[in-house]
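Structure at a glance
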Amino acid sequence: MSSEPTQVNEQTHFRTCNLCEAMCGIVIKHDGEKVLSIKGDKDDPFSRGYICPKATALQDLHEDPDRLRQPVERTADGWKEISWPEALDKVAAGIQSVQQKYGKNALGIYLGNPNVHNLGGMLTIKHLLTSIKTRSRFSATSIDQLPHHIVCMHLFGHMLRIPVPDINRTQYMLIIGGNPLASNGSIMTAPNMRQKLKDIQARAGKVVVIDPRRTETADIASEHHFIRPATDVLLLLAMLNEIYMQGYAKENRATALAPDIERLRDFAKDYRAESVASITGISAAEIKRMVKEFCEAESAVCYGRMGVSVQEFGLLSQYLIMVINIVTGRLDEVGGLMFPNPAVDVVNNSGPGYLGKRHSRVSHLPDFNGEYPVVTIADEMLVEGEGQLKGFMTVAGNPVLSTPNGEKLDKALANLDFMVSLDYFVNETSRHANIILPPVSPLERDHYDITFNGFAVHNVAKYSPALFHKKDNEKHDWEIYLELAERLDKEASEATTAERALTKKLEPKFLLDQGLKHGPYKALTLEKLLENPHGVDLGALQSMLPQALKHADKQIHLNVDFYQADLARVQQMMQNYDDEQVLLIGRRHVRSNNSWLHNSHRLVKGKSRCTLMLHPDTAKAYGIEDGQAVKVTSRVGSVIIIAEVTDELMPKVVSIPHGFGHGRTGVKQKTAQAHAGVSVNDLTDDTLIDPLSGNAAVNGVPVKLEAIVPEVTKLDTTELEMTNLENAESETKSSSAA
Ligand SMILES: Nc1nc2c(c(=O)[nH]1)N[C@H]1C(S)=C(S)[C@@H](COP(=O)(O)OP(=O)(O)OC[C@H]3O[C@@H](n4cnc5c(=O)[nH]c(N)nc54)[C@H](O)[C@@H]3O)O[C@H]1N2
Ligand SMILES: Nc1nc2c(c(=O)[nH]1)N[C@H]1C(S)=C(S)[C@@H](COP(=O)(O)OP(=O)(O)OC[C@H]3O[C@@H](n4cnc5c(=O)[nH]c(N)nc54)[C@H](O)[C@@H]3O)O[C@H]1N2
Ligand code: SF4
Ligand SMILES: [Mo]
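No experiment lies behind these values; they were computed from the predicted model shown. (Residues numbered from 1 in each chain as written. Chains lettered and ligands numbered in written order. Predicted model: local features only at pLDDT ≥ 70, side-chain atom pairs only at ≥ 80, totals over all residues. Heavy atoms only, no water.)

Right, let's get into the overall build of the protein. Within the protein one finds 26 helices and 28 strands. Since a compact globule built from 738 residues should have a radius of gyration of about 27 Å, the 25 Å found for the protein is in line with a globular shape. In terms of overall dimensions, the protein has a C-alpha envelope of 75 × 70 × 70 Å along the principal axes. Residue burial in the protein is summarised as follows: out of 738 residues, 63% are buried. Across the protein, every contact between residues at least 6 apart in sequence was considered, and the portion connecting residues at least 24 apart equals 75%. Here the protein has roughly 27,500 Å² of accessible surface; of this, 51% comes from carbon and sulfur atoms. Averaging the positions of the 80 positive and the 93 negative side-chain charges in the protein gives two centres separated by 2 Å. (Helix = DSSP H or I, 4+ residues; strand = E, 2+ residues; numbered from the N terminus. Rg over C-alpha atoms; globule rule 2.2 N^0.38 Å. Buried < 20%, exposed > 50% of the residue type's maximum accessible area, 1.4 Å probe, protein only. Contact = heavy atoms within 4.5 Å. Areas by Shrake-Rupley, 256 points an atom, 1.4 Å probe, with all protein chains shown as cover. Lys, Arg positive; Asp, Glu negative; His and termini not counted. Charge placed at Lys NZ, Arg CZ, Asp CG, Glu CD.)

A word on the confidence of the model for the protein. Overall, the prediction assigns the protein a mean pLDDT of 95, with 95% of residues at 70 or greater. Counting interchain partners and residues more than four positions distant, the pLDDT-below-50 stretch residues 722-738 has 30 contacts. (pLDDT = per-residue confidence, 0-100.)

Turning to the site of ligand 1, a few remarks are in order. Taken together, 29 residues sit near ligand 1, with Y110, N113, S402, D423 and S595 positioned nearest. Here D423 contributes a side-chain N or O atom positioned 2.6 Å from an oxygen atom of ligand 1. D477 places a polar side-chain atom, nitrogen or oxygen, 2.9 Å from a nitrogen atom of ligand 1. Expressed as a share of its isolated accessible area of 920 Å², the protein-covered part of ligand 1 is 97%. Taken together, the residues that form the shell around ligand 1 break down as 13 nonpolar, 11 polar and 5 charged. Per-domain counts for the shell around ligand 1 show at least three residues from each of domain 2 (72-143 + 350-539) and domain 4 (580-731). (Near = heavy atom within 4 Å. Polar contact = N/O pair within 3.5 Å; in protein donor to acceptor, adjacent residues only side chain to side chain. Nonpolar A, V, L, I, M, F, W, Y, C, P; charged D, E, K, R; others polar. Domains from an automatic or database assignment.)

A few words on the site of ligand 2. The local shell around ligand 2 holds 32 residues, among which D211, A230, D232, S592 and N594 are the closest. The backbone of A230 places a nitrogen or oxygen atom 2.7 Å from an oxygen atom of ligand 2. Interatomic distance of 2.8 Å between a backbone N/O atom of H589 and a nitrogen atom of ligand 2. In the complex, 97% of the free accessible area of ligand 2, which totals 920 Å², lies under the protein chains.

A word on unusual backbone geometry. Leave glycine aside and you will find that most residues have negative phi; peptide bonds, for their part, are mostly trans. Omega for the peptide link from L545 to P546 comes to 5°, which places this bond in the cis form. Along the chain, P546 falls in the loop between β20 (536-540) and α21 (560-564). Even without a glycine there, the phi angle at A204 is positive, about 65°. Given the relative accessible area of 70%, A204 is considered exposed. One non-glycine residue, N405, lies in positive phi territory at about 55°. Relative to the helices and strands, N405 resides in the loop between α15 (399-402) and α16 (406-413). What makes N405 buried here is its relative accessible area of 8%.

Bringing the domain arrangement of the protein into the picture now. Interfaces are often sized by the accessible area lost when the parts come together. Examined at the domain level, the protein breaks down into domain 1 (11-63), domain 2 (72-143 + 350-539), domain 3 (164-338 + 554-564) and domain 4 (580-731). Each of domain 3 and domain 4 has a C-alpha centre, and the two are 30 Å apart. Every contact between the two is made by 25 residues of domain 3 and, on the other side, 26 residues of domain 4. By the criterion of area lost to domain 4, the three top residues of domain 3 are R213, R228 and E312, representing 30% of everything that side buries. Across the domain 3-domain 4 interface, the total number found is 2 salt bridges. In this structure, R214 and D647 form a salt bridge, with 3.1 Å as the shortest nitrogen-oxygen distance. Along the contact surface separating domain 3 from domain 4 lie 12 residue pairs in polar contact (both at pLDDT 80 or more). (Buried area = accessible area lost by both parts, 1.4 Å probe. Salt bridge = Lys/Arg side-chain N within 4 Å of Asp/Glu carboxyl O.)

Okay, the pattern of salt bridges next. Taken as a whole, this structure holds 51 salt bridges when the rule is applied. Residue K133 pairs with D489 through a salt bridge whose shortest N-O separation is 2.7 Å. Placement of K133 in the loop between α3 (119-132) and β7 (137-139) and of D489 in the loop between α17 (477-488) and α18 (494-506) is noted, with a sequence separation of 356 residues between them. Linked through salt bridges whose partners overlap, the residues forming this network are E407, D410, K411, R431, R664 and D682.

Turning to the side chain of N325, a few remarks are in order. Along the polypeptide, N325 turns up in helix α13 (residues 314-327). Taking relative accessible area as the criterion, N325 reaches 0% and is therefore assigned buried. Reaching out from N325, the side chain makes a polar contact with the backbone oxygen of C302 at a distance of 2.9 Å. Among the polar contacts listed, one links the side chain of N325 to the backbone oxygen of I321, at a separation of 3.0 Å.

So, in structure tokens, the structure goes:
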């Protein structure tokens, strides 16, 4: 008997991968609903064929049997699927009941990272926010790029007017606390970082990396310097001082726009390269050489990311990075730090931002643009009194794994009156929800990068229609927002109601079209983008000053007093510095994406990546061997994790990646659970913050190390995973109850 060969009806679809900030063009071959392959799109003018291993996760996510396809409700007998109308009614009722009983602000909302990678979500989230009417708003921003927003709001007049490295043309790139080879770049949308960094060196330029770990990026850089975690502020102050002492400060178009520029001359006068060398771990001679080479390069840019942003001096450090670029004449210059000019002008379509209009109830930390810091969430739930959070909504987020002292938040979430999560999965956070509302998969929606075109190192525009039609019983994030708004906001004005109805009818792509038509490239419309499925090249970055400035006086406001006041804290840190303290930092891997791609078998297979990296000297000092279980303890908790002894790390620094810890009971992601790891955020401390911004400080966390179970050294990987999981489960439970 011969079976008929099955006919493959191969179709081709072009789109932009929305998983990280790099905006890679992809080609998806498919046969109807079956994805056959996902590859890089060589004709995409921006990414030219580059993709990373995560792109295939778009298929895995789409097909993932653990991904929710319908709303679920938590009952005494476990999760039960319910219909959309019932789920939405119950969510509206749950929210209303909390707000009627305890006030509007008793409902908190947390927006996670994937929100900014979601076209419909970005364009319509305001309807959800205005209809729930709570001031208790939080997002991943305050454990991330908050310092960028504050610096740019102060200096340029808008939180989103953020200049990015002109990486395609620079001759000297100084990377402080960023690992773009793993992260694919951040606040610098630039696919194929490996090639871009190699290109700099190929044109006789230099790439210099400052990082407590010799990262993948450091490995291909011209030069790498270890730095003691959270001491970058000292390095940057010494660099600024050295720039003035050596007469490298330059006047140009940008400095002419900054009336207070001369005040920077003395800003760092107390910080000599010699006086910061021992704490930072970088010698005075090396600091001076770096400054000299930076200033003498034909073009240069200083760039800092997570490692400098999310630590105790995050805001002051980002300010100093900006200021160093400005005083050396690198702002708004080719090869320096330049302003993108995106086709949808988000800056002119949003408010400038504000800092500290209100302060959080319990810890009195400032809000930014209406959002309180994430480090305040658990206290706002746990500390009784007027304004206590009694209900919570998470939208595309997983704060139990992604915010400091996750274990404390985990417990706080368990005691709420009502919780709802908009998410694909029953994850570590949404497992506490009463109802989970799952949106369509990324392949079932259209895409245009509203956010990351604003950080792109080359101006481009690309629209990707949905690949697959969503099923009748599925909803987009934006549909969920609008349908909740309909239920919650009965008193909405006629104009708002009409706007919501129109958005529902014409879909968010209509708003995109409007945005394009009112943007800087007048000829660009949605129709034009549809005709160009690989994307449209809008040219290299161009000088944007002074028109980029959003202050009414069209000047750069250096806001010196605000930042200078923080130097008192720097002095204190220097005086009390303990250079014996072991400090914990984070780490990313190219096959991970925060907490949520560990359910893709293709991405997690191989050696466990949730390890404690530490230097051989540190290992020796604590009697730890490679492969051995180690108890790591901080002020807030402990985890047990397997040691990976490597000279990649600086001595007295240890590194654990975030986003693991899937061993918590009730999680429903089988592959992730089998590769559970431990959550580094069960160690990071919700009281260790940058008080100037309210940003979390997950890098530079003091920890203690203790070698345990010496007899289980050198287990094989699967055994390690299991030991890890079981130990971590029982350990975190007992220790953090203290
Ligand atoms: N220690 C430490 N902690 C960190 C960091 C660190 O470096 N170290 N990094 C921080 C940073 S930079 C960030 S951005 C945060 C991220 O932290 P979060 O934003 O809190 O968490 P994610 O892991 O991104 O989880 C995203 C969730 O959204 C869901 N999701 C994905 N796409 C969609 C969608 O389109 N719609 C909906 N409704 N849901 C979706 C996923 O299923 C997943 O559960 O973590 C922070 N935490
Ligand atoms: N593969 C992958 N890609 C991602 C993500 C992911 O989870 N996985 N997440 C995405 C998100 S949400 C973001 S925000 C970006 C982040 O993008 P990046 O900031 O490039 O990513 P990280 O790998 O966190 O890089 C931070 C670096 O800072 C170093 N570091 C830690 N502490 C210090 C310090 O005190 N000083 C200095 N100088 N360095 C320090 C760390 O060793 C690390 O190499 O990545 C995005 N892309
Ligand atoms: S680098 Fe980012 S955008 Fe590019 S394929 Fe990987 S995950 Fe997708
Ligand atoms: Mo992030």
